[in-house]
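# An overview of the molecular structure
As a plain string of letters, each chain reads:
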Amino acid sequence: MSRRTAAKPAAQPTTCPCGLPAAYADCCGKLHRGLAQAATAEQLMRSRYSAFAVRDIAYLLRSWHPDTRPAELDLDPGLSWERLEILGSTEGGPFHTAGTVEFRARFCERGRSGSLHENSRFVRHDGAWVYLDGDHSED
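Reference entry: report on the structure contained in this document. This one's a predicted model, so the numbers in the text were calculated from it and none came from an experiment.

Turning our eyes to something else, we now look at the nonpolar core. Ranked by size, the top nonpolar core spans 26 residues in total, and within it M45, W81 and F122 carry the most contacts. Of all the secondary structure elements, the ones that give two or more residues to this core are α2 (41-54), α3 (57-62), β1 (79-91), β2 (98-109), β3 (112-125) and β4 (128-138). Here the element with the most residues in this core is α2; it accounts for seven residues. Setting aside residues up to four positions removed in sequence, F122 forms contacts with A41, L44, M45, R48, T97, A98, G99, V101, W129, V130, Y131 and L132. Judged by nonpolar contacts, the second largest core, of six residues, contains C16, Y24, C27 and C28.

Quick look at the structure:
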């Protein structure tokens, strides 16, 4: 979901981009602001998708495993994330140490619609869920 050109932060949305029926400030916004931690791999996945949507680079880097995290992350200002679909998951619950989340993320890039399909791997690092890596393809 990364692009390598500069982007300014997006305006904070009213409803949460992650797709749950909640206000952004009460859902993923709490994780982005550091007021809560993801309890599950899926919750982290949703919060990372929302971070891409609102261009919260600091949160994306904080929630990335240090062994696979890039030194920096730039997001394409011509790319907007439109919808997240969770397709499945394995483990990743409150009592697990690893899990996967399969998802499809719809985007629009300079007027062209597309989707990213990924099976993401998450692990606990220092007690918190973090994104490790994933296998993905663009449609």
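Although it is not a glycine, R55 sits at a positive phi angle of roughly 60°. R55 sits in the buried class, given a relative accessible area of 17%. Even without being glycine, R110 reaches a positive phi, approximately 50°. Tracing the backbone shows R110 in the loop between β2 and β3. For R110, a relative accessible area of 60% translates into the label exposed.

Within the secondary structure layout, S50 lies in helix α2. Exposure remark for S50: the relative accessible area of 0% places this residue in the buried category. Discounting residues that sit within four places of it in the chain, S50 has contacts with C16, P17, C18, C28 and H32.

Turning our attention to the pattern of salt bridges. Counted according to the given criterion, the structure contains eight salt bridges. A salt bridge links R110 to D76; the shortest N-O distance between them is 2.8 Å. One end of the pair, R110, is in the loop between β2 and β3; the other, D76, is in the loop between α3 and β1, and 34 residues separate them in sequence. Salt-bridge contacts for E109 lead to R110; the nearest nitrogen and oxygen are separated by 4.0 Å. On the accessibility criterion, E109 (17% relative accessible area) is buried. Salt bridges sharing common partners tie together D76, E109, R110 and R112.

How each quantity is defined
- Residues numbered from 1 in each chain as written.
- Predicted model: local features only at pLDDT ≥ 70, side-chain atom pairs only at ≥ 80, totals over all residues.
- Heavy atoms only, no water.
- Core = buried A, V, L, I, M, F, W, Y, C linked by side-chain atoms within 4.5 Å.
- Buried < 20%, exposed > 50% of the residue type's maximum accessible area, 1.4 Å probe, protein only.
- Helix = DSSP H or I, 4+ residues; strand = E, 2+ residues; numbered from the N terminus.
- Contact = heavy atoms within 4.5 Å.
- Salt bridge = Lys/Arg side-chain N within 4 Å of Asp/Glu carboxyl O.

By themselves, these are just geometric observations and shouldn't be taken as functional.
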